[in-house]
Amino acid sequence: MAQQERAVRTRRAVLEAAATVFAEHGYSAATVSDILQEAGVTKGALYFHFDSKEALARGVLQAQVAYAGPPQDLKVQEWVDAGLLLAHRLPRDPVVRAGAVLSSDPQGREHYGSAWPAWIELSAQTLAEAKDRGEILSHVVPRQTAELIVSCFHGVQLFSQLESGLADVERRISVLYDHVIPAITVPAVLARLDLAPDRGARLYAQAVSVPQPMLVPSTN
């Protein structure tokens, strides 16, 4: 058990180090040597968990969507929470920042993929459940809405990055949901939703107060 726990900690350290390097330098300029130095582990320990720089990038992308928020009474609230929580983590979590950098790299993503398809799939599934429950309007097509919100999120995130270094990203994402949610949600559900800019911060504080595999998955 102790050996397994050490392996989990090592994998987490390597992945977070890779995320830090990717977020700072981008995929092409990042080197395994930089990641090893950041992680403080041996080359053997790194390659035990990840056999290439591409594998490290894929691990970072998978970790970005490893935790989307706790279950809620309303599926629409779960959907909103995933975005607000991601917005809260963007300026604070190197794994999330690196995931954004990697997903936006037009050359690198040809090798390791992108987090966007996973976010779209997660959103589409949650919205489909919300529609089955009668929480969203009958004309709404879950996948179309999911693709729209992921693309809009990326634009808002980029704007915030350039304008304020992500200092205002939570407020801007909250404004995005303020505009989108009334167009897809039935009035009775809309009145019960929490779209506040600090919603993500509150969810994160609750999550980290209880031990759980939140930010970095422990297995490939």
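Presented here is a report on the structure given in the accompanying data block. (Residues numbered from 1 in each chain as written. Predicted model: local features only at pLDDT ≥ 70, side-chain atom pairs only at ≥ 80, totals over all residues. Heavy atoms only, no water.)

1. Observations concerning the nonpolar core
Logical step 1: Ranked by internal contacts, the top residues of the largest apolar core, which has 62 residues, are Phe22, Val60, Trp79, Ile173 and Ile181.
Logical step 2: At the level of elements, helix H1 (2-25), helix H2 (32-39), helix H4 (53-64), helix H5 (75-89), helix H6 (94-103), helix H8 (116-132), helix H9 (142-164) and helix H10 (169-184) are the ones that each hand at least two residues to this core.
Logical step 3: When sequence neighbours within four positions are dropped, the list of residues in contact with Val60 reads Leu15, Ala18, Ala19, Phe22, Val95, Ala98, Gly99 and Leu102. (Core = buried A, V, L, I, M, F, W, Y, C linked by side-chain atoms within 4.5 Å. Buried < 20%, exposed > 50% of the residue type's maximum accessible area, 1.4 Å probe, protein only. Helix = DSSP H or I, 4+ residues; strand = E, 2+ residues; numbered from the N terminus. Contact = heavy atoms within 4.5 Å.)

2. Observations regarding the pattern of salt bridges
Logical step 1: A complete count under the given rule lists 12 salt bridges for this structure.
Logical step 2: Residue Glu54 pairs with Arg58 through a salt bridge whose shortest N-O separation is 3.7 Å. One end of the pair, Glu54, and the other, Arg58, are both in helix H4, four residues apart, so they sit about a helical turn from each other.
Logical step 3: Under the relative-accessibility criterion, Glu54 is labelled partly exposed at 28%.
Logical step 4: Between Asp198 and Arg202 there is a salt bridge whose closest N-O contact spans 3.0 Å.
Logical step 5: Residue classification places Asp198 among the partly exposed residues on the basis of a relative accessible area of 40%. (Salt bridge = Lys/Arg side-chain N within 4 Å of Asp/Glu carboxyl O.)

3. Quick look at the packing of H1 against H6
Logical step 1: Direction vectors running N to C along H1 and H6 enclose 50°, while the axes themselves pass 8 Å from each other. In terms of orientation, H1 and H6 fall into the oblique class. Considering the relative orientation of H1 and H6, their crossing is left-handed. Along the contact surface, H1 presents Glu16, Ala19, Thr20, Phe22 and Ala23, while H6 presents Pro94, Val95, Arg97, Ala98, Val101 and Leu102.
Logical step 2: Its residues assigned to classes, the contact of H1 with H6 comprises eight nonpolar, one polar and two charged. (Axes fitted to C-alpha atoms, helices over the stretch in contact; angles between N-to-C directions. Parallel < 35°, antiparallel > 145°, perpendicular 65-115°, else oblique. Left-handed = near helix turned anticlockwise from the far one by under 90°. Nonpolar A, V, L, I, M, F, W, Y, C, P; charged D, E, K, R; others polar.)

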